[in-house]
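The chain contents come next:
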Amino acid sequence: MPDYYIDYPQEEDGAMHSYRCKHCKLNTLVINGLLENHEPHCSYRIEREVELHKAMLIGQQAKIVLGGVDEAD
Ligand SMILES: [Zn+2]
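Residues numbered from 1 in each chain as written. Predicted model: local features only at pLDDT ≥ 70, side-chain atom pairs only at ≥ 80, totals over all residues.

Engineer: Looking at this structure, how should I read the overall build of the protein chain?
Structural biologist: A tally of helices and strands in the protein chain yields two helices and two strands. Overall, the protein chain shows an N-to-C arrangement of helices and strands of β-β-α-α. In the protein chain, which comprises 73 residues, the proportion classed as buried is 10%. (Helix = DSSP H or I, 4+ residues; strand = E, 2+ residues; numbered from the N terminus. Buried ≥ 20, exposed ≤ 12 C-beta atoms within 10 Å, placed from the backbone.)

Engineer: Looking at this structure, how should I read unusual backbone geometry?
Structural biologist: In terms of backbone geometry, most residues other than glycine have negative phi values and most peptide bonds are trans. One non-glycine residue, histidine 17, lies in the positive phi region at around 55 degrees. Structurally, the position occupied by histidine 17 is in the loop between β1 (10-12) and β2 (19-21).

Engineer: Would you explain helix α2 (residues 43-65) in this entry?
Structural biologist: Three or four residues apart is the spacing at which side chains of an α-helix point the same way, because the helix has 3.6 residues per turn. With 23 residues, α2 extends 33 Å between its outermost C-alpha atoms, agreeing within 8% with the 33 Å of an ideal straight helix rising 1.5 Å per residue. With respect to burial, α2 is a largely exposed element, only one of its 23 residues being buried. Following α2 by one or two positions, glycine 67 adopts a phi angle in the positive range, close to 70 degrees. (Expected span 1.5 Å × (residues − 1).)

Have a look at this one:
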């Protein structure tokens, strides 16, 4: 199940009811709520990816604390 990110700053795209990401200027229809559809240099995308990376690290630490690390023997 993909995660949808629609809280990025938007601005009008010049057309009626057409909006784009304020950072990478891609149309919201192109982005379609997916982080990976923003330009790689988009600062919104970069911020979210840093947050996701941190959350992942915290998740790994929690796993270690709980002793739930899978070990193959
Ligand atoms: Zn963007």
